[in-house]
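# Tertiary structure, described
Each chain is listed here by its residues.
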Amino acid sequence: MNQALQLGFRTFINLSSFPVDPRKLGIGRLTPLRGKVMGSKRRSFSNSSSIADQNIDKKLREAIDNDNNTISDNPLLQDIKDDPSKIEAMTIQQLRTALRTAGIPPEGLKRELVSALQSYLAKEIDGAGESSLLADKQDPSSNSDKRISMMMETKSVEDQVQDANSFSKVSKVQQSRRTVKQLQIKGKTVDVNAKMVATEQKKSACASGRMTSLTKKKASSDVDSKYVSAKNRDTLPVNLSEPWTILAHKKPQKGWIAYNPRTMRRSLLTENTKFVKILSWNVNGLRALLKLEGFSAMELAKQENFDVLCLQETKLQEKDVESIKQSLIEGYENSFWACSNTRLGYSGTAIISRIKPLSVRYGLGMSDHDSEGRVVTAEFDSFYLLSVYVPNSGDGLRRLTYRITEWDPSLSNYIKELEKSKAVILTGDFNCAHEEIDIYNPAGNRRSAGFTIEERQSFSTNFLSRGFVDTFRKQNPDVVGYTYWGYRHGARKGNKGWRLDYFLVSDAIADDVHDSFILPDVIGSDHCPIGLVLKL
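The name recorded for the protein in an unreviewed UniProt entry is DNA-(apurinic or apyrimidinic site) endonuclease, from Gossypium mustelinum. As its UniProt record puts it under Sequence similarities (unreviewed entry), the protein is described as follows: "Belongs to the DNA repair enzymes AP/ExoA family."

Here's what the structure looks like:
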């Protein structure tokens, strides 16, 4: 193991700067902690002034209507129009210069300047109806006023949407629990998955601390509003900073809302409550993750202050494990690794813990299933914890039969045996989106590995029907939250994902689950971490 990897992993588990001492020994002697649940990156952006919003919007419309301020006449604006991605990278001074050139007052914070310039470009583009992110084309003969008018027909939705003068401007969006409304735009139908509400209304709620409660199952977010395509129904609004807060689904049902960890994660437990906090993450190659520029595992550890970390798809070889274990520093001396010995640099699971387990097992105890390092089991005082990487059915579903007739039943029987002595927590990548709410495009993936009817039925038969509870779905029955996004086609930016990672627990301890959550803002893999807080 080279020096760079050792240093990288040392950073990954270095918790010396925690605000409290690590919890050691057994679960029964665990000292409650008050950790930071959310990092500063999750804090909402400051709200802009409604008066400034109205003034900028008025100037936008005036600038658009002014024939002397067209993009084609100005090299600066034309350059930005040719590559809208440059807007986000511009400095405040550059943004103000561009806005002045367009005849728009350069007022507000950088976020507001970016939004104003994006709005101007989106409206000025010659009849195309295309924004900086969405390139769907409409009638080229229509002018800006007509396009704005068409977009504002959302006011016909039930419970009239409040007047919004700037359709492409940053606005507050609240996911509606009502059935998706359909709007008629020039004879074409588009689906609207979100309901615009007044900026002042949301600012008032934030200022008074009255964030939407979990019981009401509503979520709010800052959104960069984009054109809704009349041609492409699966084109959705995109929030560049928090795309997961947008309800991205091809067939959303009544009452579904997007997952927003800033508003949906449960509050911290009191100091007198004993609990254990577990994180699970398919890292898609641990060495690659640790070398990734910009990734800060230390920051993640400080923010979440977990007791146990379960990993999947580590892709480590057995010869690497000892070097990694020697790199572990005080607080996380307990680590247990399962590696594939039939295909090197493949699969692999691990459990890293600051709590010493009573015992550890590897695999399912069956040679047919234990050659790929897919299971590690750690026994603690009051439960068994399994880090599991369920086989993917693969291209052409070549491993589907093995998956549903051998692997899933074997894992199910194994955990039921464990359950005879104490409760079981089963976590990891199950390579299955169980329900339609768990995948962005259910209709298009009926025969795709991870969403076949056979895999979904197997998930129900071998786990849910045998007394195990999907903790995230129990806590969030109507919430669309994904844990995996393919690298191709910008799936993560558009929140076009799958929920493949789970915390399943024995029914006996399901009511002791204080929180089951997703960390969609943590990058470094095509999966994101998930977490569980269990009261002891």
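## Overview of the UniProt feature "domain: SAP" (unreviewed entry) in the protein
The sites that UniProt annotates as "domain: SAP" (unreviewed entry) are residues 87-121. Secondary structure over residues 87-121 splits into 71% helix and 0% strand, and the C-alpha atoms at its two ends are 10 Å apart.

## Describing the environment of V390
Mapped onto the elements of the fold, V390 is located in the loop between β13 (383-389) and α13 (400-418). Once the C-alpha coordinates of V390 and D429 are considered, the two residues, 39 residues apart in sequence, prove to be 6.2 Å apart.

## Considerations on the sheet that holds β13
Each strand in a sheet pairs with its neighbour through backbone hydrogen bonds, running either in the same direction (parallel) or in the opposite one (antiparallel). Strand order across the open sheet formed by six strands is β11-β12-β13-β14-β17-β15, with mixed pairing between neighbours. A single partner strand is all that each edge strand has here, and the edge strands are β11 (359-362) and β15 (468-470). Taken pair by pair, the neighbouring strands of this sheet meet at an average axis angle of 20 degrees, ignoring direction. For β15 and strand β17 (residues 501-506), the ladder comprises three bridges, and the chain directions are antiparallel. Considered in β17, the bridge of V469 is made with V505. Seen against the sheet, α13 touches β11, β12 (375-379), β13, β14 (423-429) and β15 and runs at an angle of roughly 165 degrees to β13.

## Looking at the side chain of D438
Following the sequence through the fold, D438 ends up in the loop between β14 and α14 (453-462). Residue D438 is classed as buried on the basis of its relative accessible area, which comes to 0%. When residues no more than four places from it in sequence are discounted, the contact partners of D438 are A433, R473, Y482, G497, W498, R499 and Y502.

## Here's the deal with the confidence of the model for the protein
Summary statistics for the protein give a mean pLDDT of 73 and a share of 63% for residues scoring 70 or more. Considering only residues more than four positions removed or in separate chains, one finds that residues 55-69, a stretch of pLDDT under 50, has 31 contacts. Below a pLDDT of 50 lies the segment residues 125-238, which in the model reaches 243 contacts outside its immediate sequence neighbourhood of four places, other chains included.

## Here we look at the packing of α13 against α14
Viewed as axis vectors pointing N to C, α13 and α14 meet at an angle of 10 degrees, and their least axial separation amounts to 10 Å. By the angle class used here, α13 and α14 are roughly parallel. In this structure, α13 contributes L400, R403, I404, D408, P409 and S412 to the contact, and α14 contributes E454, E455, S458 and N462. Of the residues contributing to the contact of α13 with α14, the split by class is three nonpolar, three polar and four charged.

## What about the UniProt feature "site: Interaction with DNA substrate" (unreviewed entry) in the protein?
When the UniProt feature table is mapped onto this chain numbering, "site: Interaction with DNA substrate" (unreviewed entry) sits at H527. The residue H527 is located in the loop between β18 (513-518) and β19 (530-535) in this model. In this view, H527 contacts W281, N282, D429, T483, Y484, R492, L500 and D501; residues no more than four positions away in its chain are not counted. Within the structure, H527 has its side chain in polar contact with the side chain of D501 (distance 2.8 Å).

## Considerations on the sheet that holds strand β10 (residues 349-353)
Strand order in the open sheet made by the six strands is β9-β10-β8-β7-β19-β18, with mixed pairing throughout. Strand pairing shows two members of the sheet lacking a second neighbour, β9 (334-338) and β18, which therefore form its edges. Adjacent strand axes in the sheet meet at a mean angle of 10 degrees, parallel and antiparallel pairs treated alike. Here strand β7 (residues 275-282) runs beside β19; their pairing, made up of six bridges, is antiparallel. For V276, the partnering residue across the bridge sits in β19 and is L534.

## Points about the packing of aromatic side chains
Geometry of an aromatic ring pair is reported as the spacing of the ring centres plus the angle between the planes. A full pass over the atoms with the stated rule returns eight aromatic pairs. Seen from their ring centres, F306 and Y332 are 5.7 Å apart, and the 75 degrees between their planes marks the pair as edge-to-face. On the criterion of sequence distance, the pair formed by F306 in the loop between α11 (297-304) and β8 (308-312) and Y332 in the loop between α12 (318-327) and β9 is long-range, its members being 26 residues apart. Note on F380 and F383: the rings are 5.5 Å apart at their centroids and 50 degrees apart in plane angle, and the pair reads as tilted. Each member of the pair, F380 as well as F383, is classed as buried. Members of the aromatic cluster, each reached through a chain of ring pairs, are F430, F459, F463 and Y502.

## Observations regarding the pattern of salt bridges
All chains considered together, the criterion is met by 20 salt bridges. Of the charged contacts in the structure, one is a salt bridge between K422 and E379, with a shortest N-O distance of 3.0 Å. Of this pair, K422 sits in the loop between α13 and β14 while E379 is found in strand β12, placing the two residues 43 residues apart along the sequence. Comparing K422 with E379 shows no difference in burial state: the two are buried. When the shortest N-O distance is used, the salt bridge between K420 and E417 registers 2.8 Å. By relative accessible area, which is 49% here, E417 ends up partly exposed.

## Details of the nonpolar core
Counting 68 residues, the largest nonpolar core has L311, W337, L385 and I425 as the members making the most contacts within it. Counting residues per element, this core draws most heavily on β7, at five residues. Setting aside residues no more than four positions away along its own chain, I425 makes contact with I278, F383, Y384, L385, L386, F503, L504, V505, I509, L532 and L534. In this structure, V375, L426, F468 and Y502 belong to the second largest nonpolar core, which totals 21 residues.

## Looking at α11
Burial of α11 is extensive: six of the eight residues sit out of reach of the surface. Every buried residue of α11 is listed here: A297, M298, L300, A301, Q303 and E304.

## Things to note about unusual backbone geometry
Phi at N284 is positive, roughly 50 degrees, even though this residue is not glycine. With phi around 50 degrees, N305 is a residue other than glycine that occupies positive phi space. Secondary-structure assignment places N305 in the loop between α11 and β8. For N305, a relative accessible area of 3% translates into the label buried.

## Concerning the pairing of β12
Here β12 lies mainly inside the structure; five of its five residues are buried. Burial along β12 is two-sided: V375, T377 and E379 facing one way and V376 and A378 facing the other are all buried. Sheet topology note: the β11/β12 ladder contains four bridges and is antiparallel. The residue of β12 that forms the bridge with R361 is T377. With five bridges joining them, β12 and β13 adopt antiparallel strand pairing.

Basis of the calculations
- Residues numbered from 1 in each chain as written.
- Predicted model: local features only at pLDDT ≥ 70, side-chain atom pairs only at ≥ 80, totals over all residues.
- Heavy atoms only, no water.
- UniProt positions renumbered as here; feature names shortened; annotations may be inferred.
- Helix = DSSP H or I, 4+ residues; strand = E, 2+ residues; numbered from the N terminus.
- Pairing = 2+ DSSP bridges.
- Axes fitted to C-alpha atoms, helices over the stretch in contact; angles between N-to-C directions.
- Contact = heavy atoms within 4.5 Å.
- Buried < 20%, exposed > 50% of the residue type's maximum accessible area, 1.4 Å probe, protein only.
- pLDDT = per-residue confidence, 0-100.
- Parallel < 35°, antiparallel > 145°, perpendicular 65-115°, else oblique.
- Nonpolar A, V, L, I, M, F, W, Y, C, P; charged D, E, K, R; others polar.
- Polar contact = N/O pair within 3.5 Å; in protein donor to acceptor, adjacent residues only side chain to side chain.
- Phe/Tyr/Trp six-rings, centres within 6.5 Å; stacked < 30°, edge-to-face > 60°.
- Salt bridge = Lys/Arg side-chain N within 4 Å of Asp/Glu carboxyl O.
- Core = buried A, V, L, I, M, F, W, Y, C linked by side-chain atoms within 4.5 Å.

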